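Descriptive structure summary
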Amino acid sequence: MKKTIFLLSVLLMPFTVLMAQTIDTNASVVTFKITGGGFFKVNGDFTGMQGDFNFDENDLENSSFNICIDATSIDTNNEKRDNHLKSDDFFNVEKYPEICFKSTNITTKDNHYATTGELTMHGITKTVEIPFKFSNNTFKGTFQVLRLDYNIGEDFGSFRVGHEAEVSINCVVKQ
């Protein structure tokens, strides 16, 4: 009986370690940069990151991400702009309170990793690839989002609000 329990413990250990990662919500943030008015950058962030973070660099096939951020947490250091971004003109946070990513694949590329998955924002889901590095229990990735692909700010042309946003993820996990 003791041998069976020991064998099960050893066999299940990788799954236990893989499942043991918890997102540090206070230390994790998604930042973005987008042009505004055709000539200046608007920087902002989203907080409230939570979900399932299961990453093992030695077992990419069984690694996965299913993570959401709180769309209502958008902060550009301008309350009037933030309220407008929360409205149905842009993110419509009452109807779509979360922005979520669910991985379908994780691979290695050159000196980093990449995860492909489904990004759901404003009720629309698109496949995206996020190149990332993972060290010191921190996932850092940057990718581009075309806002009009998600029907965000459709009535505002690319001059007033840029078409492409650079999104950076800093997700800290506890072991």
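Residues numbered from 1 in each chain as written. Predicted model: local features only at pLDDT ≥ 70, side-chain atom pairs only at ≥ 80, totals over all residues. Heavy atoms only, no water.

Take the overall build of the chain next. Helix and strand counts for the chain stand at 2 helices and 10 strands. For the chain, with 175 residues in total, the buried portion stands at 39%. Intrachain contacts of the chain at a sequence separation of at least 6 include 53% that bridge at least 24 residues. Per element, the accessible surface of the chain, about 10400 Å² overall, is 52% carbon and sulfur. (Helix = DSSP H or I, 4+ residues; strand = E, 2+ residues; numbered from the N terminus. Buried < 20%, exposed > 50% of the residue type's maximum accessible area, 1.4 Å probe, protein only. Contact = heavy atoms within 4.5 Å. Areas by Shrake-Rupley, 256 points an atom, 1.4 Å probe, with all protein chains shown as cover.)

Here we come to the state of the cysteines. Applying the stated criterion across every chain, the model contains 1 disulfide. Paired through a disulfide, Cys68 and Cys100 show a sulfur-sulfur distance of 2.0 Å. Of note, the bridge from Cys68 to Cys100 carries an S-S torsion of about 105° and is right-handed in sense. In this pair, Cys68 sits in strand β5 (residues 64-70) while Cys100 sits in strand β6 (residues 98-109), placing the two residues 32 residues apart along the sequence. There is no split in this pair, since Cys68 and Cys100 are both buried. (Disulfide = S-S within 2.5 Å.)

Now for the pattern of salt bridges. Considering all chains together, one arrives at 1 salt bridge under this definition. A salt bridge links Lys109 to Glu129; the nearest nitrogen and oxygen atoms lie 3.3 Å apart. Placement of Lys109 in strand β6 and of Glu129 in strand β8 (residues 124-135) is noted, with a sequence separation of 20 residues between them. In this structure Lys109 comes out as partly exposed when scored by relative accessible area, which is 34%. (Salt bridge = Lys/Arg side-chain N within 4 Å of Asp/Glu carboxyl O.)

On the surface, a cluster of negative charge is contributed by Asp88, Asp89, Glu94, Glu154 and Asp155. Relative to the helices and strands, Asp88 is located in the loop between α2 (79-86) and β6. (Patch = residues over 30% accessible without salt bridge, like charges linked within 9 Å, V, L, I, M, F, W, Y side chains within 5 Å. Lys, Arg positive; Asp, Glu negative; His and termini not counted. Charge placed at Lys NZ, Arg CZ, Asp CG, Glu CD.)

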